[in-house]
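A closer look at the structure
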Amino acid sequence: MAPYASEDSQDGGTAGTGAGRRRAARYAVPVAVIGVAAATIGLVPALADSGDPDLPKITAQELLQKIAASDTQQLSGTVKIHTDLGLPSLGGAASGMLGGGAGGDEGSSSADPKAKLTELASGTHTLRVAADGPDRQKLSILDDASEYSLIHNGSDVWAYDSKSNEAYHAKDAGKHSGEDRAKRHEGELPATPKELTDEIVEAAGDTTSFTVDGTAQVAGRDAYRLQIKPKQSGSTVGAITVSVDAKTGTPLKFSLTPASGGAAVVDAGFTSVDFGKPAASTFDFKPSKGTKVTEADDAHRKAAEHGDHARRMPQGAGAAGDLKVVGEGWTSIAELKLPSGAGMLGGGTDADSGADMPADAQKFLDSLGDKVKGDFGTGTVYSTRLVNVLVTEDGKAYAGAVTKEALVKAADAG
């Protein structure tokens, strides 16, 4: 892979907008938090802070404006990633479950980003990132003996997995407005502290408190600490702290701690960062001889020919019902009707066959959650350090970054 070198910049690197395109927030604050915490990444504290720099006083509103006005088009650096939801590391299993079974389905590739990036949902990882405007970005996941890279260079998007020597290639649709890009890339995992911060700040409203919590030094840069807290009770989110580069307004570190206390659930930070223009060769990629290359169009065609699992299942058994969001702000709860038979997770029966789940299987599921009762009937709450999910015996699910009691209350109201 091409090195992450930097060309000489004209001004020492004060230009730029994060690592790529700015994404418009489309969900309420807690939904954004769930997406970040449950399906994607958290970044470990970049290095131990090396002292609190003496910076000019700034208000929270001024700091928010500084973030919004930041225009960092170019940067490169190393990011440490850690996510701790209180679950065992998913590893490669996440690729199959969350990535649609990539690697085992017809026409799939181990280099497919939908499969690979889900591995960032747990554990500790090291990333190298680089950006040169909206059309050139690179993200590499470094393992002990292998490297996975995702490269966007103009009209081409390449992904390469050195462990399997496989590559995945797709064509970018070309020039788009910021809104079009956001829609086209909906569902992507945030890859930098700025993207994480944008999702939270842009979705925040009257339910959120913003304060400046002193200063810090991150990756050798002086930074202000912005603290974001829910005003509402019942949320499992304690606080979000964002370290904002004092010179460029670029978020350098993002940390989400739960209301229950303890270590951060999501922690995002640069260990090193350079705001100079990356060398053009950073974004070059050409598969070497012997590399298995999967074209995105071919993979989609083969998947359509063979039919995915949901299409082969009887109607009503493969997909959840329409999603409905109840409540507002940090205590919003997603409510949906689960596929047929999923009510067994809540201690119910298969609605189609009327069959009970085998006793041993039900006992195992019960051990993973807490039985609850209410006006809605009975169900089981499955908990992480941030996100709780209530599955009722009649096949409904209630999920949010809220307490167990809030889920029961929502189910009763529903």
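In this report, the structure presented in the accompanying data block is examined. (Residues numbered from 1 in each chain as written. Predicted model: local features only at pLDDT ≥ 70, side-chain atom pairs only at ≥ 80, totals over all residues. Heavy atoms only, no water.)

1. Details of the overall build of the chain
Where we set the bar: Only DSSP runs of H or I with at least four residues qualify as helices, and only runs of E with at least two residues qualify as strands; both kinds are numbered from the N terminus onward. Exposure classes here rest on a 1.4 Å probe applied to the protein chains alone. A residue is buried below 20% of its type maximum, exposed above 50%, and partly exposed in between. Throughout, a residue-residue contact means that at least one pair of heavy atoms, one from each residue, lies within 4.5 Å. For every accessible area listed, the method is Shrake-Rupley and the probe measures 1.4 Å; residues are considered covered only by the protein chains on display.
When its secondary structure is counted, the chain shows 10 helices and 18 strands. The buried share of the chain, reckoned over its 414 residues, is 47%. Partitioning the intrachain contacts of the chain with sequence separation of at least 6 by distance along the chain shows that 62% fall at a separation of at least 24. Of the roughly 19200 Å² that the chain leaves accessible, carbon and sulfur atoms contribute 52%.

2. Side note on the pattern of salt bridges
Threshold: Should a side-chain nitrogen of Lys or Arg be within 4 Å of a carboxyl oxygen of Asp or Glu, the pair is scored as a salt bridge.
A complete count under the given rule lists 9 salt bridges for this structure. The partner of Arg-128 in a salt bridge is Glu-147, with the nearest N and O atoms 3.5 Å apart. Of this pair, Arg-128 sits in strand S2 (residues 123-132) while Glu-147 sits in strand S4 (residues 147-153), and the two are 19 residues apart along the sequence. According to the relative accessible area criterion, Arg-128 is partly exposed, its value standing at 23%. For Arg-136, the salt bridge goes to Asp-132, with nearest N and O atoms at 2.4 Å. For the pair formed by Arg-136 and Asp-132, the shared burial category is buried. Ionic contacts of the salt-bridge type, sharing partners, join the residues Asp-132, Arg-136 and Lys-277 into one network.

3. Some remarks on the nonpolar core
To keep it simple, the criterion reads: What we call a nonpolar core is a set of buried Ala, Val, Leu, Ile, Met, Phe, Trp, Tyr and Cys residues that are connected through their side-chain atoms within 4.5 Å.
With 25 residues, the main nonpolar core has Leu-226, Ile-240, Phe-254 and Leu-256 as its most contacted residues. Elements with a minimum of two residues in this core: helix H2 (60-69), helix H6 (193-201), strand S8 (221-230), strand S9 (237-245), strand S10 (251-258) and strand S11 (266-274). Listed in part, the 19 residues of the second largest apolar core include Leu-75, Ala-111, Tyr-168 and Phe-275.

4. Quick notes on the sheet that holds S9
Spelled out, the test is: In this analysis, strands are considered paired if DSSP registers two or more bridges between them. Angles run from 0 to 180 degrees between N-to-C directions of axes, and those axes are lines fitted to C-alpha atoms, restricted for helices to the stretch in contact.
Ordered in space as S7-S8-S9-S10-S11-S1-S2-S3-S4-S5-S6-S12, the 12 strands form an open sheet in which the pairing is mixed. Each edge of the open sheet is held by one strand with a lone partner, namely strand S7 (208-218) and strand S12 (292-295). Mean inter-strand twist for the sheet, computed between neighbouring axes without regard to direction, equals 15°. Pairing analysis gives 6 bridges linking S4 to strand S5 (residues 156-161), with the strands arranged antiparallel. Opposite Asn-153, over in S5, you have Asp-156 as the bridge partner. Across the face of the sheet, H2 comes into contact with S7, S8, S9 and S10 while running at roughly 110° to S8.

5. Structural notes on the side chain of Thr-208
We apply this condition: Whenever two N or O atoms come within 3.5 Å, that pair is a polar contact, provided that in protein one can donate a hydrogen and the other can accept it, and provided that, for residues adjacent in sequence, both atoms are side-chain atoms.
Within the secondary structure layout, Thr-208 lies in strand S7. Looking at Thr-208, its side chain comes within polar contact range of the side chain of Trp-330, at 2.9 Å. Residue contacts for Thr-208: discarding those within four places in its chain leaves Ile-228, Lys-229, Lys-231 and Trp-330.

6. A short note on helix H10 (residues 404-413)
Keep this limit in mind: This arc describes the spread of directions from the helix axis toward the C-beta atoms.
If you check which residues of H10 are buried, you get Leu-407, Val-408, Ala-410 and Ala-411. Buried residues of H10, seen end-on, are gathered within an arc of 160° and therefore sit on one face of the element. Facing away from the buried side of H10 by more than 90 degrees, the exposed set consists of Glu-405, Lys-409 and Ala-413. Looking at the buried side of H10, the elements it contacts are strand S13 (324-326), strand S14 (333-337), strand S15 (370-374), strand S17 (388-392) and strand S18 (396-400).

7. Quick notes on the sheet that holds S13
A sheet is described by the order of its strands in space; here 6 strands give the open sequence S13-S14-S18-S17-S16-S15, paired in antiparallel fashion. The open sheet has two edge strands with one neighbour each: S13 and S15. Adjacent strand axes in the sheet meet at a mean angle of 25° when their direction is disregarded. Pairing between strand S16 (residues 377-383) and S17: 5 bridges, direction antiparallel. Directly across from Gly-379, in S17, lies its bridge partner Thr-392.

8. Things to note about the pairing of S5
Joining the antiparallel neighbours S4 and S5 is a turn of 2 residues, in which Gly-154 adopts a positive phi near 65°. Direction of pairing for S5 relative to strand S6 (residues 166-171): antiparallel, over a ladder of 6 bridges. For Asp-156, the partnering residue across the bridge sits in S6 and is Lys-171. Following S5, the chain reverses through 4 residues before pairing antiparallel with S6; Asn-165 in that reversal takes a positive phi of roughly 55°.

9. Brief notes about the packing of aromatic side chains
Definition in use: The pairing test for Phe, Tyr and Trp rings, Trp by its six-membered ring, is centres within 6.5 Å, and the orientation test on the planes gives stacked under 30 degrees, edge-to-face over 60, and tilted for anything in between.
Applying the stated criterion to the full structure yields 2 aromatic pairs. For the pair Trp-158 and Phe-285, a centre-to-centre distance of 5.2 Å together with 50° between the ring planes defines the contact as tilted. Taken as a pair, Trp-158 in strand S5 and Phe-285 in the loop between S11 and S12 lie far apart in primary sequence, 127 residues in all. You'll find Trp-158 and Phe-285 in the same group, each marked buried. Among the aromatic side chains, those forming a connected cluster through ring pairs are Trp-158, Tyr-160 and Phe-285.

10. Some remarks on the pairing of S15
Note that S15 and S16 share 5 bridges and pair antiparallel. Residue pairing across strands places Val-372 opposite Gly-379, the latter belonging to S16. Between the antiparallel neighbours S15 and S16 lie 2 residues.

11. Digging into the environment of Val-212
Relative to the helices and strands, Val-212 is located in strand S7. Judged by relative accessible area, which is 30%, Val-212 ranks as partly exposed. For the pair Val-212 and Leu-64, spaced 148 residues apart in sequence, the C-alpha separation works out to 9.9 Å. Once residues lying within four places of it in the same chain are set aside, the contact partners of Val-212 are Ile-58, Thr-59, Ala-60, Leu-63 and Arg-225.

Note that all results are geometric; they support no functional claim without further evidence.
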